[in-house]
2 protein chains.
Amino acid sequence: MFTGLSAFPITPLTHDRLDPNAYANIIGRLADSKVDSICALGSTGLYPYLNAEEKGQVIRVAVEHAGDVPVLAGIGSLRLRDVLANAEQAEKLGVKALLLAPLSYQRLTEEEVYELYRRVDEQVSVPICVYDNPVATHFTFSDELHSEIAKLKMIQSIKFPGTPFVEAGEKRIQQLKGILPADVTIGVSGDAFAASGIQSGCDIWYSVLAGLFPRTGQHIFHRAKECNFTQAKALSQEFDPLWDLFTQNLGGMRVMATAAEILGYVEAPCLPAPLTGLNPDSQALLRNLISELELS
Amino acid sequence: MFTGLSAFPITPLTHDRLDPNAYANIIGRLADSKVDSICALGSTGLYPYLNAEEKGQVIRVAVEHAGDVPVLAGIGSLRLRDVLANAEQAEKLGVKALLLAPLSYQRLTEEEVYELYRRVDEQVSVPICVYDNPVATHFTFSDELHSEIAKLKMIQSIKFPGTPFVEAGEKRIQQLKGILPADVTIGVSGDAFAASGIQSGCDIWYSVLAGLFPRTGQHIFHRAKECNFTQAKALSQEFDPLWDLFTQNLGGMRVMATAAEILGYVEAPCLPAPLTGLNPDSQALLRNLISELELS
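Because the structure is predicted, anything quoted here is derived from the model rather than measured. (Residues numbered from 1 in each chain as written. Chains lettered and ligands numbered in written order. Predicted model: local features only at pLDDT ≥ 70, side-chain atom pairs only at ≥ 80, totals over all residues. Heavy atoms only, no water.)

**Q** Just to check I follow, could you spell out the packing of aromatic side chains for this structure?
**A** Aromatic rings in a pair are described by how distant their centres are and how their planes are angled relative to each other. Scanning the model with the defined rule gives 12 aromatic pairs over all chains in all. Aromatic side chains Phe8(A) and Tyr206(A) sit 5.9 Å apart centroid to centroid with 80° between the ring planes, which places their arrangement in the edge-to-face category. Here the residue Phe8(A) occupies a position in the loop between strand S1 (4-7) and strand S2 (13-14), and Tyr206(A) occupies one in strand S10 (residues 204-207), the gap between them amounting to 198 residues. We classify Phe8(A) as buried; its relative accessible area is 3%. Relative to Phe246(B), the ring of Trp243(B) has its centre 5.6 Å away and its plane inclined at 70°; by these criteria the two rings are edge-to-face. Highlighted residues: Trp243(B) and Phe246(B), both in helix H11 (residues 240-248), separated by three residues, approximately one helical turn. Classification of Phe246(B) by relative accessible area gives buried; the value is 9%. (Phe/Tyr/Trp six-rings, centres within 6.5 Å; stacked < 30°, edge-to-face > 60°. Helix = DSSP H or I, 4+ residues; strand = E, 2+ residues; numbered from the N terminus. Buried < 20%, exposed > 50% of the residue type's maximum accessible area, 1.4 Å probe, protein only.)

**Q** Just to check I follow, could you spell out the side chain of Ser282(B) for this structure?
**A** Residue and element names in this part refer to chain B. When you line up the elements, Ser 282 lands in helix H13 (residues 280-292). Judged by relative accessible area, Ser 282 falls into the buried class, the value being 11%. Among residues more than four places away in sequence, those in contact with Ser 282 are Leu 245 and Asn 249. (Contact = heavy atoms within 4.5 Å.)

**Q** Even after reading the chapter, I still don't get the pattern of salt bridges, so can you show me in this structure?
**A** A side chain of one charge can pair with a side chain of the opposite charge when the charged atoms of the two come close. Enumeration over the complete set of coordinates arrives at 27 salt bridges over all chains. The partner of Asp16(A) in a salt bridge is Arg79(B), and the shortest N-O contact between them spans 3.4 Å. In this pair, Asp16(A) is assigned in the loop between S2 and strand S3 (17-18) and Arg79(B) in the loop between strand S5 (71-74) and helix H3 (80-92), connecting two distinct chains. Residue classification places Asp16(A) among the partly exposed residues on the basis of a relative accessible area of 25%. Judged by its relative accessible area of 1%, Arg79(B) is buried. Here Glu54(A) ties to Arg81(B) by a salt bridge, and the two come within 2.7 Å at their closest N and O atoms. Here Glu54(A) is found in helix H2 (residues 52-65), whereas its partner Arg81(B) is found in helix H3 on a different chain. Note on Glu54(A): relative accessible area 9%, which makes it buried. Judged by relative accessible area, Arg81(B) falls into the partly exposed class, the value being 28%. (Salt bridge = Lys/Arg side-chain N within 4 Å of Asp/Glu carboxyl O.)

**Q** Please clarify how the UniProt feature "active site" (unreviewed entry) in chain A should be interpreted in this entry.
**A** UniProt's entry tags Tyr131(A) and Lys159(A) with the feature "active site" (unreviewed entry), counted in the numbering of this structure. Spanning 29 residues, the named residues form one tight spatial group whose C-alpha atoms are at most 5.0 Å apart. In this fold, Tyr131(A) is placed in strand S7 (residues 128-131). Sequence-distant contacts of Tyr131(A), defined by excluding residues within four places in its chain, comprise Ser43(A), Tyr47(A), Leu99(A), Leu100(A), Ala101(A), Pro102(A), Tyr117(A), Phe141(A), Lys159(A) and Tyr105(B). Engagement of the side chain of Tyr131(A) in a polar contact is seen with the side chain of Ser43(A), the distance being 2.6 Å. The class for Lys159(A) is buried, based on a relative accessible area of 5%. (UniProt positions renumbered as here; feature names shortened; annotations may be inferred. Polar contact = N/O pair within 3.5 Å; in protein donor to acceptor, adjacent residues only side chain to side chain.)

Shown next, in the form of structure tokens:
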């Protein structure tokens, strides 16, 4: 379940409601290209912005159109009560795994985060991926906490932010393998860091880019696995103008949402207010990049 | 509405549901002590953790038991749709003002935040306080943005984080008065910074401490108004052991929730999981502080 290329699609809205047809098409493209898994309701899929009913709709469409590709679903919420309800609903709707970030408003302690995972682990019957994303959740995991949480029986992967793998990536992977159970895979995210992470030995790439451009994601994934560190850096650098656009727009989500609008996969605007897509200058740049980088 | 001492009470839960009696008692104590306003659903009141129905219950109890003291309510949410619904519900239930933070998961641009306030401003018929809290919302206002938002017709106050007022507070207040409309009041929060902020000329103290200990809040507020900068610093320093406990526990919310448990105002645990109160050592310290500082 937690190896290879995992695609994180956007959740397209129209008039502030899920556009099930547009979403079905996006999921169908991912299924056709045979990515290794699809994550409905990742950060790019805007899980914290959707209520329980909307999350159910999203998962239903994803599972229905994913074909043989296993679907995982984000279940993070500020309250344990809601996390458990999200998990129960997602399992009932047929997801094969769960993605759980320690979402916070009031900052969380290590003990609270451990207890969150323990309680969810106790309830669920599908594997869990720990979602470590300090920028979005404002919680920073220590290695000790990762090690403790990873011992829980349903934890099978950790989605790390990409930065630690850029320099001395292999050393960092070895260090993590030393403190984590053997059956827990190590995932990289932050697409700009993916090639380095994969080359360094990450088992899975949790990819925003592949959520809309699965073939490009597969190209990067497979080449990064085969090459050396210098080549991985060069491979990633080909996409620097795209990664720069991610950075300028506070992450990949707005870029992918706007790309879907440009390509006519979704109606514009597809994001829920107050979130907006790219400004006209960045849109023009993105339009060129889609063609120059042959994103597909 | 937006001057004096504004008390921000906790929202006590029992078995993960609102405890209306405990909350009514807390609000009643605030009404009896005649604070200048009460904010239901501030950060300490855990607004992002509650669903629409729970928020309605909280506001209903607050308005019913606040007597002559005006109630304001937090309406922040990740989606504009939900912010507008929160505002509509709060107004219907009789609040006299609204508190709005640009809550974020995906980071927000200045344009998005401006548009959020513009859209809410357009809908509502009670005044709005802009809630500037970079630690909780992960959005940092520029002075230019504050100035633009403050021009909207329903904006009447800004709740600033306290740090800018500790050093050169008066200069900072003068600077803010220079860029804000005359009818927009300047508020300080972060209780450890309150005395300096009030002494420097802030019009209102948005206070966590006063949410449970209104008389102590009033004591600090009135003394800070009369004294000079050095005296204000000394006044605040008397409470340093309490402010230190706030810092060690990631803010005032857990300390006030635990204080309410210690005093028997609420059943323990009163916070929604995964949030927890203070550990036994900190509880013992807090118990002593309540008596030594004569918190009331």
